[in-house]
Amino acid sequence: MMELSKRYGVFFLLICLFLSLASQLSLARPSRKLKPCKHIVLYMHDIIFKGNNSANATEAAATSPVGLGPFSFGQVSIFDDPMTKDQNLHSPPVARAQGFYFYDMKTAPSAWFAYTLVFNSTEYKGTINVMGSDFIPAKTRYLSVVGGTGDFFMTRGIVELQTGGFVLYEYFRLKMDVKLYECY
Amino acid sequence: MMELSKRYGVFFLLICLFLSLASQLSLARPSRKLKPCKHIVLYMHDIIFKGNNSANATEAAATSPVGLGPFSFGQVSIFDDPMTKDQNLHSPPVARAQGFYFYDMKTAPSAWFAYTLVFNSTEYKGTINVMGSDFIPAKTRYLSVVGGTGDFFMTRGIVELQTGGFVLYEYFRLKMDVKLYECY
Amino acid sequence: MMELSKRYGVFFLLICLFLSLASQLSLARPSRKLKPCKHIVLYMHDIIFKGNNSANATEAAATSPVGLGPFSFGQVSIFDDPMTKDQNLHSPPVARAQGFYFYDMKTAPSAWFAYTLVFNSTEYKGTINVMGSDFIPAKTRYLSVVGGTGDFFMTRGIVELQTGGFVLYEYFRLKMDVKLYECY
């Protein structure tokens with residue numbers, strides 16, 4: 001009898017192991033509480049083209065504001081901005097942000113972004129694709145990571161945006177907290 | 001012998017339980033038949049800017065048609081449109097649709113859309129990011145929900161579009177059936 | 001005793017089966033090595049509108065280059081391009097690519113794309129939505145498949161781009177290896 005209960009005991013332990021495995025599996029999709037599988041913090045530096053600063057400019061307006069309110073509604077800007085690991089514009093870039101944004105509100109400065117983070121360093125090779133709305137007056141704004149390639153194959157997640165330095169019509173810096181919740 | 005078969009019976013039941021659990025897990029990804037985990041129906045109201053209607057306008061063309069066919073090919077429009085729960089333009093907005101579209105066919109009115117649904121109400125706070133092709137002559141068109149933030153963290157799904165009211169060069173209304181198949 | 005070890009043997013086999021099932025489940029998300037669940041190879045043909053070729057043109061610039069470098073920085077182009085199964089422009093189209101791209105680098109020809117592959121044939125009905133950066137000098141570039149509808153409901157994956165024929169300011173052909181890693 002003792003031998004029997006010991007045998008049951010072994011199976012009971014194994015069964016518990018399976019149940020715990022199975023419950024983990026059924027939670028494979030991240031909950032809102034889940035921690036990112038990867039977290040990258042980068043600063044994007046955007047220097048606006050004014051016609052005479054080709055050497056430095058990293059962004060240019062492709063269209064003009066349409067005159068709907070005072071917040072540049074309708075202006076589409078295209079950028080190829082360096083990304084650094086700290087706030088310093090002159091730090092070595094570790095990635096580039098390539099894409100566009102446009103102003104889309106007549107009552108507030110608000111932009112809509114779609115861009116690709118392009119990594120080509122010893123640390124990472126690949127891209128992260130991002131889109132979403134950037135209501136600039138909010139301290140933190142949230143964009144979607146909708147896909148990736150290379151080291152970021154098929155990734156998904158969130159980019160948290162915060163504006164840092166800002167010089168009207170000249171320069172702005174965006175802190176990006178890239179939080180990836182699906183890594184392969 | 002009876003005792004033995006009883007013992008086997010217990011394990012057999014447990015094994016069946018595991019197998020059934022495992023098969024459910026392997027089907028965790030939604031099939032085409034799957035019901036949405038969330039279904040939101042909203043109406044987008046778009047009032048076109050004509051230069052003298054700043055107070056009402058919610059959309060403006062950032063570029064002009066290029067002259068390739070009669071369906072405004074090449075015109076890019078940017079919008080910040082109120083979304084209501086019913087068809088009435090004057091109902092209280094429960095979200096905004098912020099983004100752009102452009103006409104892209106020379107033989108038919110067809111647009112390409114990318115936009116963010118921005119929710120900031122007691123019901124929902126967060127965003128839903130959408131993109132896809134809108135062949136306007138079709139009764140129903142299908143766009144992709146490619147990501148979300150806040151209450152819609154990491155969501156994916158489909159937006160079904162149907163045109164409602166339409167006044168050429170002035171106004172259109174789009175019914176959006178937002179069907180989310182991945183909720184976190 | 002023999003009977004006992006035989007009995008253990010049976011359970012041991014079943015346990016191995018469960019463990020192997022469980023480990024497969026925990027790998028349900030595709031690894032980088034995973035094979036696509038669907039692989040479609042198509043060729044996109046893009047004929048640039050020059051003002052007098054309406055009959056043939058499939059793409060037109062909606063904005064002009066801004067003068068930041070020699071690589072058309074800031075030019076936004078909109079297209080509705082036929083997709084064929086082989087390299088021949090005159091083969092019957094099996095899909096269309098509808099979307100836009102813009103040039104975004106001052107030191108190299110590089111474009112940013114977002115578009116929808118629209119299928120409406122006996123083989124496939126539905127759409128595939130794509131976005132990403134296209135650094136043209138690279139032999140192969142990688143974009144993200146961020147969603148789909150119809151036969152491509154909720155799909156995700158990668159598009160591999162390679163430039164084929166190319167006539168400056170007139171025509172280019174892009175080979176697209178559409179590799180889908182999530183199929184429903």
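A quick note: this is a predicted structure, and the numbers were derived from the prediction, not measured.

### Some words on the state of the cysteines
Residues and elements named next belong to chain A. Within the structure shown, the criterion is met by 3 disulfides over all chains. Disulfide pairing places cysteine 37 opposite cysteine 183 at an S-S distance of 2.0 Å. Taking the sign of the S-S torsion, about 80° here, the bridge from cysteine 37 to cysteine 183 comes out right-handed. Here cysteine 37 is found in the loop between helix 1 (2-26) and strand 1 (38-47), whereas its partner cysteine 183 is found in the segment after strand 9 (171-182), with 146 residues between them in sequence. Classification of cysteine 37 as partly exposed rests on a relative accessible area of 40%. Judged by its relative accessible area of 34%, cysteine 183 falls in the partly exposed class.

### Quick look at the nonpolar core
If you look at the biggest cluster of nonpolar residues, it comprises 42 residues, and the most contacted ones within it are A:Phe100, B:Phe100 and C:Phe100. Those residues in contact with C:Phe100 that sit more than four places away from it in its chain are A:Phe100, B:Phe100, B:Phe102, B:Trp112, C:Val76, C:Ser77, C:Ile78, C:Phe79, C:Trp112, C:Phe113 and C:Ala114.

### Let's talk about the confidence of the model for chain A
Residue and element names in this part refer to chain A. When pLDDT is averaged along chain A, the result is 89; 82% of the residues meet or exceed 70. With pLDDT under 50 throughout, residues 19-31 is counted as low confidence; its partners more than four residues away or in other chains account for 20 contacts. Two summary scores accompany this predicted model of the complex, namely pTM at 0.85 and ipTM at 0.84.

### Overview of the packing of aromatic side chains
Here the distance between the centres and the angle between the planes together describe a pair of aromatic rings. Within the structure shown, the criterion is met by 54 aromatic pairs over all chains. Relative to A:Tyr103, the ring of A:Tyr101 has its centre 5.5 Å away and its plane inclined at 90°; by these criteria the two rings are edge-to-face. Look at A:Tyr101 and you get buried, because its relative accessible area is 2%. According to the relative accessible area criterion, A:Tyr103 is buried, its value standing at 18%. Ring centres 6.1 Å apart and planes at 85° place the aromatic pair B:Phe113 and B:Tyr115 in the edge-to-face group. By the burial criterion, B:Phe113 is buried, and B:Tyr115 matches it.

The rules we used
- Residues numbered from 1 in each chain as written.
- Chains lettered and ligands numbered in written order.
- Predicted model: local features only at pLDDT ≥ 70, side-chain atom pairs only at ≥ 80, totals over all residues.
- Heavy atoms only, no water.
- Disulfide = S-S within 2.5 Å.
- Helix = DSSP H or I, 4+ residues; strand = E, 2+ residues; numbered from the N terminus.
- Buried < 20%, exposed > 50% of the residue type's maximum accessible area, 1.4 Å probe, protein only.
- Core = buried A, V, L, I, M, F, W, Y, C linked by side-chain atoms within 4.5 Å.
- Contact = heavy atoms within 4.5 Å.
- pLDDT = per-residue confidence, 0-100.
- Phe/Tyr/Trp six-rings, centres within 6.5 Å; stacked < 30°, edge-to-face > 60°.

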